[in-house]
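This is what each chain is made of:
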Amino acid sequence: MASETIAVRAAEAGRRTIAERLHDWVVTVDHKKLGILYMLYALCFLVIGGIEATIMRIQLVAPNNHFVSPEVFNQMFTMHGTTMIFFVAMPVLIGFGTYLIPLMIGARDMAFPRLNALSFWLTAFGGLLLYFSFIGGNGLYGAGGAPDVGWFAYAPLTSPPFSLGHSTDFWTLGLLVSGFGSIGAAVNFITTILCMRCPGMTFGKMPLLAWMNLVMGGMLILAISPLTAAQIMLSIDRYLGGHFFDTQAGGSAVLWMHFFWIFGHPEVYVLIIPAFAFASEIIPVFSRKPIFGYPVMVAATVCIGFVSLSVWAHHMFTVGMSSYANSFFTITTMAVGVPTGIKIFNWIGTMWGGKIQFKAPMLFCIGFLVQFLIAGLTGIMLAASPFDWQLGNSYFVVAHFHYVIVGGILFTIFGAFYYWLPKMSGRMYSETLAKWHFWLFLIGFHLTFDFMHIPGLLGMPRRIYTYEADRGWQVWNLIVTIGVFFQAAGVLAFVANLVWSLFKGDPAGSDPWDAWTLEWSTSSPPPEYDFARTPVVQSRRPLWDIKHPEDPDWKYE
Amino acid sequence: MSSAAFAEPTNQGQWTLPSRGRVGMISLIAAESAIFTIFVVAYIFYIGKSLSGPAPKDVLTVPIFATVCLLSSSLSIHLAVRALRDARVGIFGLLWFLTMALGAIFLIGTGLEWRRLIFHEGLTVRTNLFGTTYYSLVGLHAFHVTVGLLVIALVMAFTLLGKVTPKYAERLEVFSLYWHFVDAVWIVVFTVVYLVGR
Amino acid sequence: MRWTEQTRIGLSKMIGITVLLAGFFLAASLCLGAPADSSRTPNIFKPVSTPGDSIFHLSLLVLAVTGLIFLVVFSLIVYAVVKFRRKIGEDGREPAQVYGSNQVELAWTVIPVLIVVVLFLATARVIHSTQDAPEPRGAIEVTAIGHQFWWEFRYPQLGIVTANELHVPVSDPSRPTPTFLTLMSADTDHSFWVPRLAGKTDLIPNRVNHMWIDPYKSGLYLGQCAQYCGVEHAEMLLRVYVEPREQFDDWVHAQQALAVSDDSANEGRRIFESNGCINCHTVRGTVADGSFGPDLTHLMSRDTLASGIVPNTEENLRQWIQDPDSMKPGCLMPAMKLTDGDLNAIVAYLETLR
């Protein structure tokens, strides 16, 4: 009986219309489809955010340039930052987690499939709401357009007298809505990882990706909520005449900063920890060794999760806090560098003594390793608060955080795409095109973000739509802008590779990389139900145990 | 490579994992606690900082009765779920109704207090910092009570239609965690607004 | 064949990264060490004041430590990538599966902790010495008030109000005469940043901040607002004139005087005082006492207009009054829509305010 049903369904599958297939994607609660939806959504916004950055860089290529007006420039940096954090980085990382976690822990789906779908659509709608501001932000006053208050929207710039029209409200509400989606995703991640692991998979035998997404989920829960609260307060100020951040009524501008950065700093750890997860899965496979120091990696991640909740005011060193407060945040910020550094050493330890294969995923992870090292070190420089009194709010900071987010996170995301695309689509990508992508992007990244440190050291603040010619900043800005076009070429190669692989890629088979975690035991792409029978595992690398029955991992762990 | 190749379990019977509903609800409660914490911090920060207008001690009266009702509803919901587990659906229905009534009394009490504050004392959201933080914090809590009460009313309707049976006890227990959370928040809000802040 | 390709990839990657990094360090050292082509460049590594010096010295320690860490770890990565690459022609055997090492983990935990302790102690000293420095007698006191998009400077002890261009005396290290600034804001957040003098400190409404400078070398030092404050944040420039004591005293004396009353400009003054100008601007000694915009009493003593963006010439002044938006789009000074005659008269009047 069952086999007849399956046969009938298979025969009908080829005859589904486009509308039916589209409908399938829109109403799906399957974690794999939702994960792919998150990723595609993020890729679209990556291109849009990149265009916003390109516009800014062209404006800044020369002093006193007139490529765009100051109003447009200010909208560009606000939208670029907001888009990249909330509608590129978070969706793509949540998307990978949504796709991979059930497959890696031997479950059939996430704990709450409908909540999963709701979270995606809330996130998606939030982004559309934000972008609708370009059209609809011109409120009754004729002012507005897209928000132009910076991605951290400091008070009282966001109060009604300084922020006319509704542009700020599109920022607030767009993020409020997508914030609920993020909390939903976090609840799903935590519940899935805690409650749906296959038999034998104790906490000590979970893939590092599961551990890191668990920590990320916990941090999302604690981090997004302060932003939600602050945005509700801002809306009460703007619409109901409240005074939370109204300095004329005794309100405090610094309170907004505290609330925002209590969100903002853990948020960047929310972004980097899944990136660590990708590196922790890819580097071992392409070094042909297990991850070095699994328990320490787990402990370091949990440690980072906790300590990162105590560092937020290093974004506020120039605000005039007492010397004791500045000292406190200096030491906590430096302290969080210790577990982070330990992880870098562990990745090197994984490569050490291995047999490294320089396929695209590994190339991007090696780039990540070097770049994240540099980014961490410039972070230590910024942690020394007096040094931050010079470097803060300058292009040095902009260079630092782009080094982390692009050089660190985006590189591992590219690596993750190349690593898991064969699993998701059943097709291999073109290794040649991927190498073009890597080199073009690497050159562009370094041209832009290495040299971007220098204007910061020479006194160039951030968020300025132009600058004076006598400051000595123009040659550096020119180099920075040139790098943008190399990066764009790299991303073009990436998109071309994705599309090419879907049509012309070789069939991948279930395990093209000879890897060891559970997702590689399914077909490529996996069947809708993921696993026909719930797997039972005995070690951290179940497929290694099967491939090497004479020398299984569980003897050594 | 098929999953059939995996090792047969040696102690399969002992693989227990926490309940999804509970973990999910606890995660949600953690997120909500973080939101409330920020509002409480704002309230405490602004105590005494209003530039003008009524101060808490001038206009606030301690809502003892409403508080007792709300906190008792935690007890009644707990007993209700226990009754349902023991398959005493009639008792469950009564206790569930009691929970709903106590919650409604709390909300009505809040509404009456707000009416007095707005129309007799002239305290609104825009009056001063006290007004802003008071209505936001108490209002956020009341909103969560309202959402909970809507769910309780829905379950009440299902009970009257005879659809609620002991097999739903686990689900209602998970929901009751939310209701206990709402009550715990009220203890904090009550302490900060009516005891410390006055 | 593939072995060579692998080597080529690995090596060219290393060379590429190394070249870029070398280029970065070379460029950095060029701009930091060698004489800049423009003495106006606000280079944080060329301080002329104690707060800037303290930061500079701390930064040398931090850069040395982080530089060393980078060299060590980067070398390890390069070594690992070169030495442990797969060579085709080998058997397909997996390498030794090493799971970890407690001793190694301990070592690379303890050493970073020690580094953090050292860096923190050095940093805490500078934090304290800068933020908690007592104000000596004889210090110049300035109140800086940030506006959208200009700087108001008041010298309460000296009875001076001016805008955008700050004059301070040179401070002799043996008998320091620092300038202590009180920072406030009239509207949104701003930040006072003159890199060669000190780190930046924010100006936040409903909050009073403090900073100090004691420049020991006279000259003109440039800076600008460093906290996004609205549409013209980029054009809220700062000019700090550090002058020998006598020159500073002369400047103070000139600023303390009431506005020059030049009869040849009476017509312009009359038009100025009967238009909306006096609602925003003060000219001490006349009926103009508005405080929304900069004090114009000694407008002609300033080198620039519109907070530093254009030289103070008659042409620029005329264009500024006629249409401020054409020079600083989005600034808060309205276009006064004067007739040509009125405009010329007013410009002539303002040109007398030396």
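Conventions and cut-offs
Residues numbered from 1 in each chain as written. Chains lettered and ligands numbered in written order. Predicted model: local features only at pLDDT ≥ 70, side-chain atom pairs only at ≥ 80, totals over all residues. Helix = DSSP H or I, 4+ residues; strand = E, 2+ residues; numbered from the N terminus. Rg over C-alpha atoms; globule rule 2.2 N^0.38 Å. Buried ≥ 20, exposed ≤ 12 C-beta atoms within 10 Å, placed from the backbone. Contact = placed C-beta atoms within 7 Å. Core = buried A, V, L, I, M, F, W, Y, C linked by C-beta atoms within 7 Å. Domains from an automatic or database assignment. Pairing = 2+ DSSP bridges. Axes fitted to C-alpha atoms, helices over the stretch in contact; angles between N-to-C directions. Parallel < 35°, antiparallel > 145°, perpendicular 65-115°, else oblique. Nonpolar A, V, L, I, M, F, W, Y, C, P; charged D, E, K, R; others polar.

**Considerations on the overall build of chain B**
- Helices and strands together make up the secondary structure of chain B, namely 6 helices and 0 strands.
- Across chain B, helices and strands are ordered from the amino to the carboxyl terminus as α-α-α-α-α-α.
- On C-alpha atoms alone, chain B measures out to a radius of gyration of 22 Å, which is more than a quarter above the 16 Å that the 2.2 N^0.38 rule sets for 198 residues.
- Each principal axis of the C-alpha atoms in chain B carries an extent, and together these give about 75 × 45 × 25 Å.
- Relative to its 198 residues, chain B shows a buried fraction of 36%.
- Once local pairs closer than 6 in sequence are excluded, the contacts in chain B between residues at least 24 apart make up 85%.

**Quick word on unusual backbone geometry**
Residue and element names in this part refer to chain A.
- Geometrically, the link from A155 to P156 is a cis peptide bond, its omega value of -10° lying close to zero.
- Tracing the backbone shows P156 in the loop between helix 5 (113-136) and helix 6 (167-195).
- Going from S524 to P525, the amide bond is cis rather than trans, its omega being -5°.
- As for its position among the elements, P525 is in the loop between helix 16 (474-504) and helix 17 (542-547).

**Remarks on the interface of chain A and chain C**
- Between chain A and chain C, the residue contacts involve 83 residues of the former and 90 residues of the latter.
- Sorting the residues of the side of chain A that touches chain C by element identifies helix 4 (70-105), helix 8 (253-287), helix 9 (294-307), helix 10 (323-351), helix 11 (360-383), helix 12 (385-391), helix 14 (431-451) and helix 15 (453-457) of chain A as the ones contributing at least two each.
- Of all the elements, helix 10 of chain A adds the most residues to the side of chain A that touches chain C, at 16 residues.

**Some remarks on the interface of chain B and chain A**
- With 35 residues of chain B at the contact, the number on the chain A side is 44 residues.
- Only helix 1 (20-45) and helix 5 (129-160) of chain B provide two or more residues apiece to the side of chain B that touches chain A.
- The element best represented in the side of chain B that touches chain A is helix 1 of chain B, accounting for 13 residues.

**Some thoughts on the nonpolar core**
- Counting 328 residues, the largest nonpolar core has A42, I105 and L369 of chain A as its most contacted members.
- Broken down by element, this core gets its largest block of residues, 23 residues, from helix 8 of chain A.
- When residues of this core are sorted by domain, at least three fall in each of domain 2 (35-88 + 100-256) and domain 3 (263-350) of chain C.
- Among all residues touching L369 of chain A, those that are not within four sequence positions of it are I344 and W347 of chain A together with I77 of chain C.

**Brief notes about the sheet that holds strand 4 (residues 165-169) of chain C**
All names here are of chain C.
- Read from one edge of the open sheet, 3 strands run 4-10-9, paired in mixed fashion. With one partner strand each, in any of the chains shown, strand 4 and strand 9 (219-224) form the two edges of the open sheet. On average, each strand axis in the sheet is inclined to that of its neighbour by 25°, with strand direction left out of account.
- Where strand 9 and strand 10 (residues 237-243) come together, 6 bridges link them in antiparallel fashion. Pairing of Q224 across the sheet is with L237, part of strand 10.

**Digging into the domain arrangement of chain C**
Residue and element names in this part refer to chain C.
- Domain parsing of chain C yields domain 1 (1-29), domain 2 (35-88 + 100-256) and domain 3 (263-350).
- Placing a centre on the C-alpha atoms of domain 2 and another on those of domain 3 gives a separation of 33 Å.
- If you look at the interface, domain 2 gives 19 residues, while domain 3 gives 14 residues.
- Taken together, the elements giving at least two residues each to the side of domain 2 that touches domain 3 come down to strand 2 (150-155), strand 3 (160-163), strand 10 and helix 4 (245-256).

**Description of the packing of helix 2 (residues 50-83) of chain C against helix 3 (residues 102-131) of chain C**
Residue and element names in this part refer to chain C.
- At a closest axis distance of 10 Å, the pairing of helix 2 and helix 3 adopts a crossing angle of 175°. When the axes of helix 2 and helix 3 are compared, the pair comes out roughly antiparallel. Of helix 3, the residues touching helix 2 (which contributes P51, S54, I55, L58, L61, V62 and V65) are I115, L119, A122, T123, V126, S129 and T130.
- Taken together, the residues of the contact of helix 2 with helix 3 break down into 10 nonpolar, 4 polar and no charged.

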